[in-house]
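# Structural description and commentary
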2 protein chains.
Amino acid sequence: MATQRLTKQRKAITEALRSQENFKSAQEIHALVNLNGETIGLSTVYRNLTEMFEARDVDMIIGTDGESQYRLCSNGHHHHLTCTNCGLAIEITGEALEVWAKQVGIDNGFTEIAHTLEITGICRACKNT
Amino acid sequence: MATQRLTKQRKAITEALRSQENFKSAQEIHALVNLNGETIGLSTVYRNLTEMFEARDVDMIIGTDGESQYRLCSNGHHHHLTCTNCGLAIEITGEALEVWAKQVGIDNGFTEIAHTLEITGICRACKNT
DNA sequence: GATTAAATGGGAATGATTGTCAATAAGCCT
DNA sequence: AGGCTTATTGACAATCATTCCCATTTAATC
Ligand SMILES: [Zn+2]
Ligand SMILES: [Zn+2]
Ligand SMILES: [Zn+2]
Ligand SMILES: [Zn+2]
């Protein structure tokens, strides 16, 4: 397991993530961090976000353009309902879905079954604009 | 609407897709096409795959590394159960899931609701190796 | 304060994807 | 068949997110 030193860079990145409601790309996080006076390297932001994701401290999704996006999330397995217009991201859970997905795998002889699911749409606020 | 000329390049790309069971990246398709003697430009492969995807002639998914992958698929909305080891891709449909996903959106005031779902695991053949 | 390995930064390298535009050729007309 | 028009191609440049590299910095411990 990698040693985890509490560097000011890591603090700043965590802080930036905390200030954001929705998913942000590594580049956006980098820009946010450097707005607050700090001057943190892009490599450092990428490294830390990757580590935080592997440690399950942040959620990561791959956007439609292939860009990775990060967000602080509640613990445990869940999915998201996101507005494609404003980025609003709502956490979703569905036990029936979880069971169904696993069963589909089992029925086909698969093991180590996992899944990804994202629901998208236009939120109420954006629709009334 | 764009005119669709039946070029030999387009035929070759379609042929390469037809010969493949699983999802392949644009670069892989390009390599496949050029194996068969033809010499087709990489740009052409990208252009055609994009067009074919927009015309719903092929499925496209974004891999974990952000790379786009393409495959000829049956018509209609469906998902995939893919083996992370050998790439085997099985088409999946689930009416209950479709209804549930849409309802989740509706319950949260969303419109123009869509979703993506991918199930992954290790297939039986790969497990017994 | 001294020590030491983890962590940083910044600039280069990678690699997929897109853009450019002159040259080519599919489909159509005669 | 030959010619015309314009969609399409292809070689290369350009873009852009992400990863690499490595000398320098610094958090943590004593
Ligand atoms: Zn919205
Ligand atoms: Zn789930
Ligand atoms: Zn499919
Ligand atoms: Zn579906």
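Summary of the structure given here. Keep in mind that what you see is a predicted model, and the values were worked out from it rather than measured.

### Some remarks on the protein's contact with DNA strand D
In the vicinity of DNA strand D there are 21 residues, among which L6 and Y46 of chain A together with T3, Q9 and T44 of chain B approach most closely. Among atoms of DNA strand D positioned within 4 Å of the protein, sugar and phosphate together represent 67%. A distance of 2.9 Å separates a phosphate oxygen of DNA strand D from a polar backbone atom of L6 of chain A. At a separation of 3.5 Å, a phosphate oxygen of DNA strand D approaches a polar side-chain atom of N48 of chain B. Elements supplying a minimum of two residues to the surface near DNA strand D: helix 3 (42-54) of chain A together with helix 1 (8-18) and helix 3 (42-54) of chain B. For the surface near DNA strand D, the element with the highest residue contribution is helix 3 of chain B, accounting for four residues. Here the surface near DNA strand D is composed, by residue class, of four nonpolar, 12 polar and five charged.

### Describing the sheet that holds strand 3 (residues 68-72) of chain B
Residue and element names in this part refer to chain B. Sheet architecture is open: three strands sit in the order 1-3-2, paired in antiparallel fashion. The outermost strands of the open sheet, each flanked by one partner alone, are strand 1 (24-25) and strand 2 (58-62). Both strand 1 and strand 3 contribute to a ladder of two bridges, which runs antiparallel. In the strand pairing of strand 3, S25 is matched with Q69. Along the sheet face, helix 3 touches strand 2 and strand 3 and points at about 105 degrees away from the line of strand 2.

### So, the pattern of salt bridges
Residue and element names in this part refer to chain A. On inspection of all chains with the given rule, the structure shows six salt bridges over all chains. Here E15 ties to R18 by a salt bridge, and the two come within 3.7 Å at their closest N and O atoms. You can see E15 and its partner R18 sitting in helix 1 (residues 8-18), three residues apart, about one turn around the helix. In this structure E15 comes out as partly exposed when scored by relative accessible area, which is 42%.

How each quantity is defined
- Residues numbered from 1 in each chain as written.
- Chains lettered and ligands numbered in written order.
- Predicted model: local features only at pLDDT ≥ 70, side-chain atom pairs only at ≥ 80, totals over all residues.
- Heavy atoms only, no water.
- Near = heavy atom within 4 Å.
- Polar contact = N/O pair within 3.5 Å; in protein donor to acceptor, adjacent residues only side chain to side chain.
- Helix = DSSP H or I, 4+ residues; strand = E, 2+ residues; numbered from the N terminus.
- Nonpolar A, V, L, I, M, F, W, Y, C, P; charged D, E, K, R; others polar.
- Pairing = 2+ DSSP bridges.
- Contact = heavy atoms within 4.5 Å.
- Axes fitted to C-alpha atoms, helices over the stretch in contact; angles between N-to-C directions.
- Salt bridge = Lys/Arg side-chain N within 4 Å of Asp/Glu carboxyl O.
- Buried < 20%, exposed > 50% of the residue type's maximum accessible area, 1.4 Å probe, protein only.

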